[in-house]
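So the chains spell out like this:
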Amino acid sequence: MILHYHPIYSEGLHPDVYFPRDRYRLLADRLQEDAALELRSPRRASREEILLAHDAEYVDRFLAGELTEKEMRRIGLRPWTEAIIERTLLLTGGSLMALEEALRTGGISGNMAGGTHHAFRNEGSGYCIFNDLAICALSALERDEIGQVLILDLDVHQGDGTAAIFQHHPMVHSVSMHAAKNFPARKQQSDWDLPLPKGMGDRDYLNILRQVLEDLESRDVDLLLFQAGVDPLAEDHLGFLELSREGMDERNQQVFAWAHRKGIPVVIFMGGGYARPIERSVECFEDLFRAGAQWHARR
Ligand SMILES: [Zn+2]
């Protein structure tokens, strides 16, 4: 399986969250030796690609380094440096390359970043500047063979930007399973929201997910965009759910098995993971991408 990664993904990492070492580098070190995974350097997303999901006024001000203090604060990356522009273009390009790869092979490909689901059409939020899930969904729909896209967002935070962008969109179905009382305070309406109570553990969570996937089984879907944040993990300090590492792995296995039965391509977006210590999140991401590679090999 091909996984997209660039060291610049670490740029602008919130120092309070990731100190002393960041998850991207740690994860790249661990996955480098896996023969089933090929780490590939991403390209930059073009302005035209970003405009698929965003207003030109917002995109151009970001690219010119002209966001306001307030806008940058709401995004929350810091310290805010010029390299964040390059980071954002490469990160979004990494997701688009993963999409191209998944569509080419009919299997699974991923980006070792992204899943920036809090980004709205004309503003960023919660570490997210452009919504790569939305850009990928709309880019995929430009192809004749893609008629219906499912965005399955299992990050512990609601995919509010994604929900808002695709409200009433006939070809993109957004499903978000998240902790009810968590960021963002003001939720948007996905096509299907599953707000979960604080402290939910493996058994209840996996039962609900099984039900969700069963319900989606008969749905006409040509492509799965999987926001695979590992912040439902018990040790996550931005979470509020209590999943174990094994529970997280079972979650991913359920999703990959579902897509395998449907015979559809899958793009993995990394999403959130803020455990203390950060190594606990990194282990879950490692399990995620290794599982993706195994399911990719079975197609
Ligand atoms: Zn999250």
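Structure shown above.
Keep in mind that this is a model prediction, so the values were computed, not measured.

**Overview of the packing of aromatic side chains**
Here is step 1 of the chain: The tally for this structure, following the rule as stated, stands at seven aromatic pairs.
Here is step 2 of the chain: Ring centres 6.5 Å apart and planes at 85 degrees place the aromatic pair Phe-62 and Trp-80 in the edge-to-face group. Of this pair, Phe-62 sits in helix H4 (residues 56–63) while Trp-80 sits in the loop between helix H5 (69–75) and helix H6 (83–105); the two residues are 18 residues apart in sequence, bridging distant segments of the chain.
Here is step 3 of the chain: What makes Trp-80 partly exposed here is its relative accessible area of 29%.
Here is step 4 of the chain: Pairwise contacts between aromatic rings join Tyr-58, Phe-62, Trp-80 and Phe-130 into one cluster.
Here is step 5 of the chain: A cation over a ring is seen here: Lys-198 above Phe-240, with NZ or CZ 4.8 Å from the ring centre.

**A short note on empty space enclosed by the protein**
Here is step 1 of the chain: Scanning the entire structure with this criterion turns up two cavities of 30 Å³ or more.
Here is step 2 of the chain: Of the volumes computed, that of the largest cavity is approximately 50 Å³.
Here is step 3 of the chain: As for the largest cavity, its lining consists of Arg-87, Thr-88, Leu-91, Thr-92, Thr-116, Tyr-127, Ile-129 and Phe-130.
Here is step 4 of the chain: When grouped by side-chain class, the residues that make up the lining of the largest cavity number four nonpolar, three polar and one charged.
Here is step 5 of the chain: Within this model, the second largest cavity holds a volume of roughly 40 Å³.
Here is step 6 of the chain: Lining the second largest cavity we find Ile-151, Asp-153, Gly-159, Thr-162, Ala-163, Ser-174, Val-175, Ser-176 and Ser-190.
Here is step 7 of the chain: Secondary-structure elements contributing two or more residues to the lining of the second largest cavity are strand S4 (149–153), helix H8 (160–165) and strand S5 (172–179).
Here is step 8 of the chain: At three residues, the largest contribution of residues to the lining of the second largest cavity is made by S5.
Here is step 9 of the chain: Class assignment for the residues of the lining of the second largest cavity results in three nonpolar, five polar and one charged.

Calculation notes
Residues numbered from 1 in each chain as written. Predicted model: local features only at pLDDT ≥ 70, side-chain atom pairs only at ≥ 80, totals over all residues. Heavy atoms only, no water. Phe/Tyr/Trp six-rings, centres within 6.5 Å; stacked < 30°, edge-to-face > 60°. Helix = DSSP H or I, 4+ residues; strand = E, 2+ residues; numbered from the N terminus. Buried < 20%, exposed > 50% of the residue type's maximum accessible area, 1.4 Å probe, protein only. Lys NZ or Arg CZ within 6 Å of the ring centre and 35° of its normal. 1 Å grid on protein atoms, 1.4 Å probe; cavity = no way out; pocket = protein on both sides within 12 Å on 5 of 7 lines; lining within 4 Å. Points joined across faces, edges and corners; volume = space filled by probe spheres on them. Nonpolar A, V, L, I, M, F, W, Y, C, P; charged D, E, K, R; others polar.

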